[in-house]
Amino acid sequence: MIKSALLAGFFWASANFVPGTPVGTPTANAHPLPALAAKAPFVLTMALPAPHPLLVAAAPRRRGLPHTRMNWETPDAAAPSPDAPLPEEEEFIERVNQERTSRGLNALAFDPMLVRVARAHSREMCDKDYFDHHSPTPGLRSPMDRVLKSLKDVGVSNPDYLLVGENIYYCSVFNDTYNVAYGHQALMDSPGHRANILEPRFTKIGLGVYRNARGEFWVTEEFTKDSE
């Protein structure tokens, strides 16, 4: 049995942005992964509605866009370096930048902080058995919350401008067929995720993968722009 899933989300904020639930995002508990009995390959995709602005305080707004993350784990594997991408993470990033540069867009710069954010979200989705941009953990509810907390953790104050996008992807197996190329193409075939990958305003990327002992894997892609 093979199952996979996608979800996309996009957020924008100015200096006075107050994190909260984005427009078009369900407020109920995060979506649990479906229990499927089918033996044939099964693919599930999910994306938020087309983004539309929400004003918060004087100027901020937030919108839904693509979001992908993936955690990578093997029973006896050493913890990955917090500052260097794993081979699977590096391949996802390379494929994203190939899509962008082939269309005349800027290549995204690798950001180690975003890798830490993405890996943590991918692992949490596995550990807490959900699949969503919105975490059940207080203070880490949205992609924006997670990026802002990561900045705070390294002593960086909130930027005057911050644009955050996220793609998440899950598949029950990882092999020669259901690999990085397959996952990336699944994202490109989904309008919301594709929009995040090709969003011209983004300047940075971080990718986090997680794989459990059963071979299931999760991917989270984080995209940001932190200046106007």
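Chemist: Explain the pairing of strand 5 (residues 161-171) to me, using residue names and the numbers behind them.
Modeler: Taking burial as the measure, the 11 residues of strand 5 include 11 buried ones, the bulk of the element. Side-chain alternation along strand 5 places Tyr161, Leu163, Gly165, Asn167, Tyr169 and Cys171 on one buried face and Leu162, Val164, Glu166, Ile168 and Tyr170 on a second face that is also buried. Relative to strand 7 (residues 217-225), strand 5 runs antiparallel, the two being bridged by nine bridges. Each bridged residue has a counterpart across the sheet, and for Leu163 the counterpart in strand 7 is Lys225.

Chemist: Could you give an account of unusual backbone geometry, naming the residues involved and the relevant values?
Modeler: Backbone geometry at Asp129 places phi at a positive 55°, although glycine is not the residue there. Mapped onto the elements, Asp129 comes out in the loop between helix 2 (112-127) and helix 3 (143-153). The exposure class assigned to Asp129 is partly exposed, which follows from its relative accessible area of 47%.

Chemist: How would you sum up the pattern of salt bridges? Please name residues and give values.
Modeler: For the structure on display, the rule yields 10 salt bridges. Here Arg95 and Glu91 are joined by a salt bridge, their closest N and O atoms 3.0 Å apart. Remark: Glu91 and Arg95 occur in helix 1 (residues 87-101); sequence separation between them is four residues, near one turn of the helix. Residue classification places Glu91 among the partly exposed residues on the basis of a relative accessible area of 28%.

Chemist: Go over the confidence of the model for the protein chain with me, naming the residues and quoting the values.
Modeler: Of the residues in the protein chain, 64% have a pLDDT of 70 or more, and the chain-wide mean is 74. Per-element confidence in the protein chain is highest for helix 1, whose mean pLDDT is 97, and lowest for strand 3 (residues 68-69), whose mean pLDDT is 34. Taken as a whole, residues 11-29 scores under 50 in pLDDT and shows 54 contacts with residues more than four places along the chain or in a different chain. For the stretch residues 34-78, pLDDT sits under 50, and the model shows 176 contacts to residues farther than four places along the chain or on other chains.

Chemist: Lay out the side chain of Asn97 in plain terms, naming residues and giving numbers.
Modeler: Within the fold, Asn97 resides in helix 1. According to the relative accessible area criterion, Asn97 is buried, its value standing at 14%. Non-local contacts of Asn97, meaning those with residues more than four positions away in its chain, are made with Ala107 and Leu108.

Chemist: Tell me about the packing of aromatic side chains, and please be specific about residues and values.
Modeler: In the structure shown here, the tally under the stated rule is six aromatic pairs. Ring geometry for Tyr169 against Phe217: centres 5.9 Å apart, planes inclined by 50°, an arrangement best described as tilted. Here Tyr169 is found in strand 5, whereas its partner Phe217 is found in strand 7, with 48 residues between them in sequence. Both residues of the pair, Tyr169 and Phe217, belong to the buried class. For the ring pair Tyr178 and Tyr182, a centre distance of 4.7 Å and an interplane angle of 75° mean the geometry is edge-to-face. Residue Tyr178 is classed as buried on the basis of its relative accessible area, which comes to 12%. Overall, the relative accessible area of 26% leaves Tyr182 in the partly exposed class. Ring-pair connections join several aromatic residues into one group, and the members of that group are Tyr169, Phe174 and Phe217.

Chemist: I'd like a description of the pairing of strand 7, backed by residues and values.
Modeler: The element strand 7 is largely enclosed, with a buried count of nine among its nine residues. Covered by surrounding structure in strand 7 are Phe217, Val219, Glu221, Phe223 and Lys225 together with Trp218, Thr220, Glu222 and Thr224, the residues of both alternating faces. The pairing of strand 6 (residues 204-211) with strand 7 spans eight bridges and is antiparallel. Counted as the bridge partner of Gly206 is Glu222 from strand 7.

Calculation criteria
Residues numbered from 1 in each chain as written. Predicted model: local features only at pLDDT ≥ 70, side-chain atom pairs only at ≥ 80, totals over all residues. Heavy atoms only, no water. Buried < 20%, exposed > 50% of the residue type's maximum accessible area, 1.4 Å probe, protein only. Helix = DSSP H or I, 4+ residues; strand = E, 2+ residues; numbered from the N terminus. Pairing = 2+ DSSP bridges. Salt bridge = Lys/Arg side-chain N within 4 Å of Asp/Glu carboxyl O. pLDDT = per-residue confidence, 0-100. Contact = heavy atoms within 4.5 Å. Phe/Tyr/Trp six-rings, centres within 6.5 Å; stacked < 30°, edge-to-face > 60°.

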